[in-house]
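# Results of the structural survey
What follows is the residue order along each chain.
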Amino acid sequence: MRALIYHGPRDIRCDEIDDPSPTDTDSVVVEVEATAICGSDLHNYHGDMGEACGYGIGHEAVGTIVEKGSGVRRLSVGDRVIVPGIVGCGGCAPCLAGAVNSCEIGVSAVFGNNMGLGGAQAEALAVPRADFALRTIPDDISTDQAVLLTDILPTGYYGAQRAEIEPGQDVAVIGAGPVGIMAIMSAQVLGAARVFALDSVAERLAVAEGIGAIPCNVADGGVDAVRSATAGIGPHAVIEAVGSDEAIQTAIGLARPGGVVSVVGANFNLDFSFPMAIAMARSLTFRIGICPIPQTWPALVPLVASGSLAPEFVFTHRFGLSDGARAYELFDGRTDGVMKVMLDPRS
Ligand SMILES: [Zn+2]
Ligand SMILES: [Zn+2]
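If you're wondering where the values come from, they're calculated on a predicted model, not measured in any experiment.

## A look at the environment of Cys216
When you line up the elements, Cys216 lands in strand 13 (residues 214-217). Here Cys216 falls in the buried class, since its relative accessible area comes to 6%. Along the sequence, Cys216 and Asp199 sit 17 residues apart, while their C-alpha atoms lie 6.7 Å from each other. In contact with Cys216, other than residues within four places in its own chain, are Phe196, Ala197, Leu198, Asp199, Leu205, Gly222 and Val226.

Written out as structure tokens, the structure is:
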């Protein structure tokens, strides 16, 4: 089959590799119908995830089960499924509650990161502990919506949930990329009165404005604009959806006294310089984490199915899997108004 393989910094190729097969009796093989490129794939693309090369990349896929192990009971060949970006052990208490990010057995892993799971940007993907991990796609969820439910909508929602937004509050979202847009929509669903969107890319701010956020260009006094719009004290909650040190520092500096900073942008810096004095003086709550994707589905699937959340407009570009290198280059360069890129494994 064809799959996108990481060969080194800025070197992604569509290679011919062996077809996956069920890795054990509890696993299935999913023929991928649609797969997207995620902002966190760019950490791999930039070479930030270590020296290893030659592994399949991507963790956002939906498709159809074409093969299953003898121990898989709940699912059948032919089922169309959402593959969550992260899979836990499926047996410990947190996993059974959907909190796969807190797996007590310590085996939770993300697809496409050389962690023992294949890459989702491929024609097919083996999924372990399938009965536990996968969810069949409801009839009223489109393919594009299902792909967003594999990672970025849950991640944006998780950021908003952990920001403890109460109806009527002001919220700032740092980063108006795909996850930031999902966080803005989630904050609105959770009752935010005003959502300030901070970014430096004009097209992204325009998209945020289009869904009802207040655009604030950080390259042009955007942070101060949020402060002055909130009587100088800052928003109740700040959701950080970039992951850079600078963006996280900005989030901490922006939240009002007693406020909450909720980080979902990926940051792996062991030496992050935390402004403890600000956090302590203002009694801030700081949260950071990887989203327990399945745990958000009971809330998000009905919201999407009913049209209360309609996030699928974020897909701006579509490529065949064979054009993966070009797709990564475009997405990384943030050119051509790109927001979210879908890949078709069949071409
Ligand atoms: Zn993702
Ligand atoms: Zn577990």
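## What to know about helix 6 (residues 178-189)
The end-to-end C-alpha distance of helix 6, which contains 12 residues, comes to 17 Å, matching closely the 16 Å that a straight helix rising 1.5 Å per residue would cover. Inspection of helix 6 places Pro178, Val179, Gly180, Ile181, Met182, Ala183, Ile184, Met185, Ser186 and Ala187 among the buried residues, and these make up the whole buried set. Packing partners of the buried residues in helix 6 comprise helix 5 (152-161), strand 11 (170-174), strand 12 (194-199), helix 7 (202-210), strand 14 (237-240) and strand 18 (340-344).

## A word on the coordination of the zinc ion (ligand 2)
Looking at the metal site, the zinc ion (ligand 2) is ligated by Cys89 (SG), Cys92 (SG), Cys95 (SG) and Cys103 (SG), spaced 2.4 Å from it. The site at the zinc ion (ligand 2) holds 4 donor atoms, and with the angles between them running 104 to 119°, its shape is tetrahedral. Here the donor residues of the zinc ion (ligand 2) share one chain and are spaced in sequence as C-x2-C-x2-C-x7-C. For the pair Cys92 and Cys95, one class covers both residues: buried.

## Quick word on the domain arrangement of the protein
For the protein, the assigned domains read domain 1 (2-151 + 292-344) and domain 2 (155-288). Between domain 1 and domain 2, the C-alpha centre-to-centre distance is 26 Å. Between domain 1 and domain 2, the contact holds 20 residues from the first and 17 residues from the second. Buried area between domain 1 and domain 2, summed over both chains or domains, comes out near 1,600 Å², and the portion from carbon and sulfur atoms is 75%. Run the count over domain 1 and domain 2 and you get 0 salt bridges. At the junction of domain 1 and domain 2, the tally comes to 2 residue pairs in polar contact (both at pLDDT 80 or more). Of the residues forming the side of domain 1 that touches domain 2, the biggest block, 4 residues, is contributed by helix 11 (residues 293-305).

## Digging into the sheet that holds strand 4 (residues 55-56)
Within a sheet, each strand pairs with its neighbour through backbone hydrogen bonds, oriented either parallel or antiparallel. Spatial ordering of the open sheet is given by 2-1-4, a layout of 3 strands whose pairing is antiparallel. With partners counted over all chains shown, the strands left at the sheet margins are strand 2 (12-16) and strand 4, one partner each. Here strand 1 (residues 2-6) runs beside strand 2; their pairing, made up of 5 bridges, is antiparallel. Bridge pairing links Tyr6 to Ile12 in strand 2.

## Quick look at the coordination of the zinc ion (ligand 1)
Ligation of the zinc ion (ligand 1) by protein atoms is provided by Cys38 (SG), His59 (NE2), Glu60 (OE) and Asp151 (OD), these donors lying 1.8 to 2.2 Å from the ion. In this structure, the zinc ion (ligand 1) is surrounded by 4 donor atoms whose angles at the metal cover 95 to 122°, and the resulting shape is tetrahedral. Read in sequence order, the donor residues for the zinc ion (ligand 1) give the motif C-x20-H-E-x90-D. His59 sits in the buried class, given a relative accessible area of 4%.

## Looking at the side chain of Gln169
By the secondary structure assignment, Gln169 is in the loop between helix 5 and strand 11. Among the residues examined, Gln169 registers a relative accessible area of 15% and is labelled buried. Engagement of the side chain of Gln169 in a polar contact is seen with the backbone nitrogen of Glu166, the distance being 3.0 Å. If we ignore the near neighbours within four places in the chain, the residues touching Gln169 are Glu164, Gly191, Ala192, Ala193, Arg194 and His236.

Calculation rules
Residues numbered from 1 in each chain as written. Chains lettered and ligands numbered in written order. Predicted model: local features only at pLDDT ≥ 70, side-chain atom pairs only at ≥ 80, totals over all residues. Heavy atoms only, no water. Helix = DSSP H or I, 4+ residues; strand = E, 2+ residues; numbered from the N terminus. Buried < 20%, exposed > 50% of the residue type's maximum accessible area, 1.4 Å probe, protein only. Contact = heavy atoms within 4.5 Å. Expected span 1.5 Å × (residues − 1). Donors = N, O, S within 2.8 Å, 3.2 Å for Na, K, Ca; no water. Tetrahedral: all angles 85-135°; square planar, octahedral: opposite > 155°, others 65-115°. Domains from an automatic or database assignment. Buried area = accessible area lost by both parts, 1.4 Å probe. Salt bridge = Lys/Arg side-chain N within 4 Å of Asp/Glu carboxyl O. Polar contact = N/O pair within 3.5 Å; in protein donor to acceptor, adjacent residues only side chain to side chain. Pairing = 2+ DSSP bridges.

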